[in-house]
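Listed here are the chains, written in short residue letters.
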Amino acid sequence: MSDIRKDTNLEEMAPEITEAEPIEAEELVVENDAEASTEVVSGNDSAEAAEKISEDAETADSDEPVMAEVFDLAEDYEEEADAETAEDSEKPKKLHEFFSVVGPVIAALCMIAVAFGLFGMSNFFSKILGERILLFESDLIRVSADGKWGFINEKGEEKIPLQFDHAEDFTGEFALVCQGDQWGFVNTKGKVVIEPQFEKALPMTEGLAAVWTDGKAGFVNTKGKFVIEAQFDDAKEFAEGLACVKKDGKWGFINKKGKFVIEPQFDLAASFAGGVAPVGVGDKYSYIDKKGKYIVEPTLDNLSLFSEGFAYVNVDGKWGFINQKGKYIAEPQYDMASHFSGGLAAVCVENKWGFIDVKGKEAIPVQFDAVSDFYNGVALVQVDGKCGYIDKKGTYIAKPQFDNISYFEEGLAAVYKEGKWGYVNKKGAVVIDTQYDVASGFGAKLAFVRSGDKWGCINKKGETVLDFSYVGIASPTFYDEGIAIVATSDKKYVIIDKKGKEISKHYDAIREFEAAFCQKEDCFEQVFFGNYCLKHSYQDFEQEAEQSAE
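We now turn to the structure provided with this report. Sequence order as written defines residue numbering, which begins from 1 separately in each chain. It should be noted that, the model being predicted, local features are given only for residues of pLDDT at least 70 and side-chain atom pairs only at 80 or more, the latter also being counted only at that level, while totals for whole chains, interfaces and linings use all residues. Excluded from the side-chain calculation are hydrogens and water; included are all heavy atoms of the structure.

**Observations concerning the overall build of the protein chain**
This is how it is decided: Secondary structure elements follow DSSP: runs of H or I no shorter than four residues count as helices, runs of E no shorter than two count as strands, and numbering proceeds from the N terminus. Contact between two residues is taken to exist if any of their heavy atoms lie within 4.5 Å; hydrogens are not considered. All accessible areas in this document rest on Shrake-Rupley with a 1.4 Å probe, and a residue is counted as covered only by the protein chains that are shown.
When helices and strands are counted, the protein chain shows eight helices and 44 strands. Taking as baseline every contact in the protein chain between residues at least 6 positions apart, the subset at least 24 positions apart corresponds to 45%. With an accessible surface of roughly 21,600 Å², the protein chain has 45% of that area assigned to carbon and sulfur atoms.

**Brief notes about the pairing of strand 7 (residues 192–198)**
Rule in force here: Strands qualify as paired when DSSP identifies two bridges or more between them.
Pairing between strand 6 (residues 182–187) and strand 7: three bridges, direction antiparallel. Along strand 7, the bridge assignment pairs Phe185 with Ile194. The turn joining strand 6 and strand 7, which pair antiparallel and follow one another in sequence, is formed by four residues; a positive phi near 90° is taken by Gly190.

**What to know about the sheet that holds strand 30 (residues 386–390)**
On the basis of which strands lie adjacent, the open sheet formed by four strands has the order 28-29-30-31 and antiparallel pairing. This sheet does not close on itself; its edge strands, each paired only once, are strand 28 (370–371) and strand 31 (396–402).

**Things to note about the packing of aromatic side chains**
Inclusion rule: Pairing of aromatic rings covers Phe, Tyr and Trp, the last through its six-membered ring, and needs centres within 6.5 Å; plane angles under 30 degrees mean stacked, over 60 mean edge-to-face, and all others mean tilted. Relative accessibility thresholds used throughout: buried, under 20% of the residue-type maximum; exposed, over 50%; partly exposed, between the two (1.4 Å probe, protein chains only).
The full count for this structure, using the stated rule, is 18 aromatic pairs. Judged by centre distance (5.0 Å) and plane angle (70°), the ring pair of Phe219 and Phe238 falls under edge-to-face. Of the two residues, Phe219 is situated in strand 10 (residues 216–220) and Phe238 in strand 12 (residues 234–239); the sequence distance between them amounts to 19 residues. With a centroid separation of 5.3 Å and 75° between ring planes, the pair formed by Phe321 and Phe340 is classed as edge-to-face. Of the two residues, Phe321 sits in strand 22 (residues 318–323) while Phe340 sits in strand 24 (residues 336–341), which places them 19 residues apart along the sequence. On the basis of relative accessible area, Phe340 is assigned to the buried category, the value being 2%. Through a chain of ring-to-ring contacts, the aromatic side chains of Phe310, Tyr312, Trp319, Phe321 and Phe340 assemble into a single cluster.

**Examining unusual backbone geometry**
You will see that Glu206, though not glycine, has its phi angle at about 55°, which is positive. Among the secondary structure elements, Glu206 is positioned in the loop between strand 8 (200–201) and strand 9 (209–213). Looking at Glu206, the relative accessible area reads 36%, which means it is partly exposed. A positive phi angle, near 55°, is found at Ala444, a position not held by glycine.

**Examining the side chain of Ser475**
What counts here: Residues adjacent in sequence count toward polar contacts only when both atoms are side-chain atoms; beyond that, a polar contact is any pair of N or O atoms within 3.5 Å, and within protein one must be able to donate a hydrogen and the other to accept it.
Looking at the element boundaries, Ser475 is found in the loop between strand 40 (472–473) and strand 41 (483–487). Here Ile485 takes part through its backbone nitrogen, which lies 2.9 Å from a polar atom of the side chain of Ser475.

**Here we look at the pairing of strand 17 (residues 277–281)**
Among the five residues of strand 17, four are classified as buried, and the element is accordingly described as predominantly covered. Relative to strand 17, strand 16 (residues 268–269) is paired through two bridges, and the arrangement is antiparallel. Bridge pairing in strand 17 links Leu268 to Gly280. Pairing of strand 17 with strand 18 (residues 284–288), which is carried by five bridges, proceeds in the antiparallel orientation. Residue pairing for strand 18: Val279 is matched across the bridge by Ser286. Two successive antiparallel strands, strand 17 and strand 18, enclose a turn made up of two residues, where Gly282 displays a positive phi of approximately 65°.

As structure tokens, then:
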């Protein structure tokens, strides 16, 4: 843990923030990231690698504003939908927790920063938000074998044959599918309702989907009929009745009839959420309402998305907080800041962290070396290299004593001490001894743990309920349906129930869990960066740095 913060601007703009691969490091408040960690960090070599990369990145330039990432990441899905990059789009999407980063980190540094001190094991992104986690959020999920994609139901039955060159998750009743270099849509009954014919396409939202033909974007309805002709240089999905589109080099907003309700005038823009949208003019940023009126003048150097009615913004290198009317509840005065979570927001002054309330008043004095957001009334903190827990009054639930910790899930949290993981209850008492090499959060009353090179599953009493026989786990713990995705010795994925019974075939990919193993020969560690685990990623990073130096 370190003096780091978490930016909300990635949460809503990243195209696919979903259940992630196992990690060995829980998320704290971090620089330029959403609330999801995805990778395994194991062994002393990995820890040393993370520390070294952390040192390297601390010296890197980081002048690019966070706001640029809001817009850049909003377009990631569009790039993935391009058939020319379909192969890359099939790789697991990763939103990692960054560590030991001071100041905003530009997008180009993001994949380096992911190696910084991941700590703890958490459930998925949505779980952190307190939502139910379901593998089958839709009736069907996408799977892949032998280079083809299709969809299975919760019984493991292939309801839509594996016939597409690529497929995306269902958004409502429709899912994007690709044949060759053309994109179309299928419905939940497996019927191709819009034949693959578009160069690019975005998910169907509010009854319309942005599609590209001859390099221009327009919008089609659920029958594939153009209701807004392809005429825009770029476009985003409809949200709150409006879509952000680009024409003649500027961004504006149209309604569902294709009429501009906010004329193209912005250099950057993102979709509306909560009645406001972030925009960029030149090198400054602001927010607008649905009439196109600035809620605060475009004088901001940096900004985040709104969370719980507030956003943190940067002016002259200092961070403050505004409400959705553009009024400051806390003037720019902090070196770093985080979004509001549970009525409190983390702020940093001279490398120490504390919390303010929604009135901008100090709720918990600045005193910690690192903090997390509050989740279920508890925040993770670090002091002098040790981690503990506090409540919303700043009172210690468990004093800093652990080398690493995770959020509480189902009443228990994974903690790391003297090289092993165990579990504590909300009183800070160890209820399952520190004995595992890796430990996940609890889900459906079970948790995955690893001893040596194999994974098993335990209950809340610490009893082994699934033998240590799995080479890897794709879902960090069990979904609320009581199912999980595990990896087999042939580097395939299969869905199991709480008794270990396989309820699906073995696939090359289940949803975004694809090629999650290190590509180095005989290495079964989870992919950390690109196609490699942390150890091998760092080796490649070091080699490239040496070659560049030469």
